[in-house]
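Residue-level structure breakdown
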2 protein chains.
Amino acid sequence: MNRTTALDMLARKGYKITGKRETMAHIFWKNHRLLSARAVHNIIKVDSPGISLDTVYRNIRLFEELGILEATELNREKHYCFTSSDHHHPLICIDCGTVKKIEICPMDHMLDLPKGFLVTGHKFEVYGHCSDCHSS
Amino acid sequence: MNRTTALDMLARKGYKITGKRETMAHIFWKNHRLLSARAVHNIIKVDSPGISLDTVYRNIRLFEELGILEATELNREKHYCFTSSDHHHPLICIDCGTVKKIEICPMDHMLDLPKGFLVTGHKFEVYGHCSDCHSS
DNA sequence: ATCGATGCAAACTCTTTGCATAGCA
DNA sequence: TGCTATGCAAAGAGTTTGCATCGAT
């Protein structure tokens, strides 16, 4: 996912391309990490003030519905980043929120599930401190 | 973890064994599944009314601090069940909340983490419908 | 000109906390 | 008796919503 694709998806679905939506898409594009609504709003307050927290919430929600963003819960707050094209799991730095891709998926090795259990989803996340954060 | 052990742990730490705490321990013992505070309170309202939601929250918190309960977040609500003795991951029925144990841990297969990344934790959960729920 | 987007304020959900009272040890 | 546990009400955090206005198409 990138800025242009995101805005295209909005337009194609009949939603308006507003400056605020462009700003938000830009923020997610510039920050390759998990951002909460408040985090996005804080970045906005510094870089391009004038977007209310409500609008951030509303547009994040819209972006998620359109598949532009994907969500992960991190201590009770929803965090978002641009959707990636392939299925993978995140290695999350709990200091800076940077996300790296984990190449394996544990579901590929789950051969011994109880018979009759219908799997609909799974979550695998690894948390820790990235090299930048724990060396400083 | 079981009822008696739970109440013993309370007593040993100097906390009082009240009827309400016994009721709550009983509920977690009878229900081998993830329960939110509200779920516990709903069970209480039917089986043995007279415990406020506040008390449920306070005792769940205490139980968790003492290691009697362990928590998992499930769509924005904390859910709890009796602590199990070994490290394992849950197979969660999203209909009834029943939890089965997954025997493998993906961290055992994670050999290719980025150098310098200091792992502090991980989460692996599988969701779906158990045989009881999706057959009915 | 239209209809969606936004800001403001209020509401909502889950959870925690202050304070006075009730109840275990 | 003494101190903890509890209920009530209020507060707090994150998020959503109603309504009037603004603005993109």
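Relevant structure appears above.
Not measured: the values here are computed from a predicted model. (Residues numbered from 1 in each chain as written. Chains lettered and ligands numbered in written order. Predicted model: local features only at pLDDT ≥ 70, side-chain atom pairs only at ≥ 80, totals over all residues. Heavy atoms only, no water.)

**Here we look at the sheet that holds strand 4 (residues 89–93) of chain A**
Strand order in the open sheet formed by 6 strands is 5(A)-4(A)-6(A)-6(B)-4(B)-5(B), and the pairing between neighbours is mixed. Among the strands making up the open sheet, the edge pair consists of strand 5 (99–102) of chain A together with strand 5 (99–102) of chain B. Strand-to-strand twist across the sheet, computed as the mean angle between neighbouring axes with direction ignored, equals 25°. For strand 4 of chain A and strand 6 (residues 118–129) of chain A, the ladder comprises 3 bridges, and the chain directions are parallel. Counted as the bridge partner of I92 of chain A is Y127 of chain A from strand 6 of chain A. (Pairing = 2+ DSSP bridges. Helix = DSSP H or I, 4+ residues; strand = E, 2+ residues; numbered from the N terminus. Axes fitted to C-alpha atoms, helices over the stretch in contact; angles between N-to-C directions.)

**A look at the environment of E103 of chain B**
With respect to the helices, strands and loops of the structure, E103 of chain B is situated in the loop between strand 5 and strand 6 (118–129). For E103 of chain B and D132 of chain B, which are 29 residues apart along the polypeptide, the C-alpha to C-alpha distance reads 21 Å.

**Things to note about the relation of the copies chain B and chain A**
Overlay of chain B on chain A (RMSD 0.3 Å): rotation 179°, translation along the axis 0.1 Å. Classification of the inter-copy transformation places it as that of a two-fold axis. No C-alpha of chain B approaches the rotation axis more nearly than that of F124 of chain B, which lies at 2.1 Å. Both copies share a contact surface, since 100% of the interface residues of chain B are interface residues in chain A too. (Least-squares fit on C-alpha atoms with pLDDT ≥ 70 in both. Contact = heavy atoms within 4.5 Å.)

**Some words on helix 1 (residues 3–12) of chain A**
Residues and elements named next belong to chain A. Those residues of helix 1 lying buried are A6, L7, M9 and L10. End-on, the buried residues of helix 1 take up no more than an arc of 155°, which puts them together on one face. Seen from the open side of helix 1, the exposed residues pointing more than 90 degrees away from its buried face are T4 and R12. Looking at the packing, one finds that the buried side of helix 1 touches helix 2 (19–30), helix 4 (53–65) and strand 3 (77–82). Structurally, the start of helix 1 carries an N-cap: the backbone nitrogen of T4 is 3.0 Å from a side-chain oxygen of N2. (Buried < 20%, exposed > 50% of the residue type's maximum accessible area, 1.4 Å probe, protein only. Arc of directions from axis to C-beta. Polar contact = N/O pair within 3.5 Å; in protein donor to acceptor, adjacent residues only side chain to side chain.)

**Thoughts on the protein's contact with DNA strand D**
Lining the immediate environment of DNA strand D, one finds 22 residues, of which Y57 of chain A together with R21, S52, D54 and T55 of chain B sit closest. Near the protein, meaning within 4 Å, the atoms of DNA strand D are sugar or phosphate in a fraction of 62%, with bases accounting for the rest. Contact between DNA strand D and R58 of chain A: a base oxygen at 3.3 Å from a side-chain N or O atom of the residue. At the level of elements, helix 4 and strand 3 of chain A together with helix 2 (19–30) and helix 4 (53–65) of chain B are the ones that each hand at least two residues to the surface near DNA strand D. Residues of the surface near DNA strand D, tallied by class, amount to 4 nonpolar, 5 polar and 13 charged. (Near = heavy atom within 4 Å. Nonpolar A, V, L, I, M, F, W, Y, C, P; charged D, E, K, R; others polar.)

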